[in-house]
Amino acid sequence: EGEGEGEPAPCGDGFIESGEGCDDGNTVDGDGCSVGCAVEATAQCFSAPSLCSTAPIFVSSQMGLDAAVTTASAGALIVLESSFSGPGLEIRSDLTIVGLPGSSFQATSGDTFRVKNNAFVIFADLAMSNTTINDVIRVEQGSALVRRCDIGPSPHHGVHVDLGASATLVGN
């Protein structure tokens, strides 16, 4: 229920309520989640607030994640479908990386994710860790929004933000 007695929850508040297929926190058509909080034709939405795309890139291996991160166009939505480990990755363009339930990524060398080239990266609903003396997330140049992620054990830092870069952590 919404703020008033008996009123339905408002669409566009970022919370998926009964009767809503998505809620991306706005009331704009054309972004995958309609003004009425319905998933638009050909789009798929994940997480809450909803992250939507008409062409999400699904990955289920470290090699697939590496290829997606290095070749995806700016603004792409990458969806991790399973758990795997491998070398850490550099992210050099604006991306969104969201994990499905039970998915995780563990780096076995380097930082798990290193944000560079003034990229803006959203990490959502993802379990990530690092077995080395490096960082789980390092924001070297650019910014990161880390939303409801399980930032697991690392012998060094969980999230490291260099001077001039920024990170926002929400619900971790």
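This text follows the structure it describes.
Quick summary incoming for the structure in this document. (Residues numbered from 1 in each chain as written. Predicted model: local features only at pLDDT ≥ 70, side-chain atom pairs only at ≥ 80, totals over all residues. Heavy atoms only, no water.)

### Considering the nonpolar core
- Formed by 28 residues in total, the largest nonpolar core has its most connected members in Leu65, Ile78, Leu80, Ile97, Phe113 and Phe123.
- Listed by contribution, the elements that provide at least two residues to this core are α1 (62-71), β4 (76-80), β5 (83-91), β6 (95-99), β7 (104-115), β8 (119-124), β10 (137-139) and β11 (142-147).
- Listed in part, the 7 residues of the second largest apolar core include Leu77, Val79, Val98 and Ala124. (Core = buried A, V, L, I, M, F, W, Y, C linked by side-chain atoms within 4.5 Å. Buried < 20%, exposed > 50% of the residue type's maximum accessible area, 1.4 Å probe, protein only. Helix = DSSP H or I, 4+ residues; strand = E, 2+ residues; numbered from the N terminus.)

### Quick look at the packing of aromatic side chains
- On inspection of all chains with the given rule, the structure shows 4 aromatic pairs.
- On the basis of an interplanar angle of 75 degrees and a centroid distance of 5.9 Å, the ring pair of Phe46 and Phe58 is categorised as edge-to-face. Note that Phe46 is positioned in strand β1 (residues 44-46) and Phe58 in strand β3 (residues 57-59), a separation of 12 residues in sequence.
- Residue class for Phe46 comes out buried when judged on its relative accessible area of 13%.
- An angle of 55 degrees between the planes, with centres 5.6 Å apart, marks the rings of Phe84 and Phe105 as tilted. With Phe84 in strand β5 and Phe105 in strand β7, this pair connects stretches of sequence that are 21 residues apart. (Phe/Tyr/Trp six-rings, centres within 6.5 Å; stacked < 30°, edge-to-face > 60°.)

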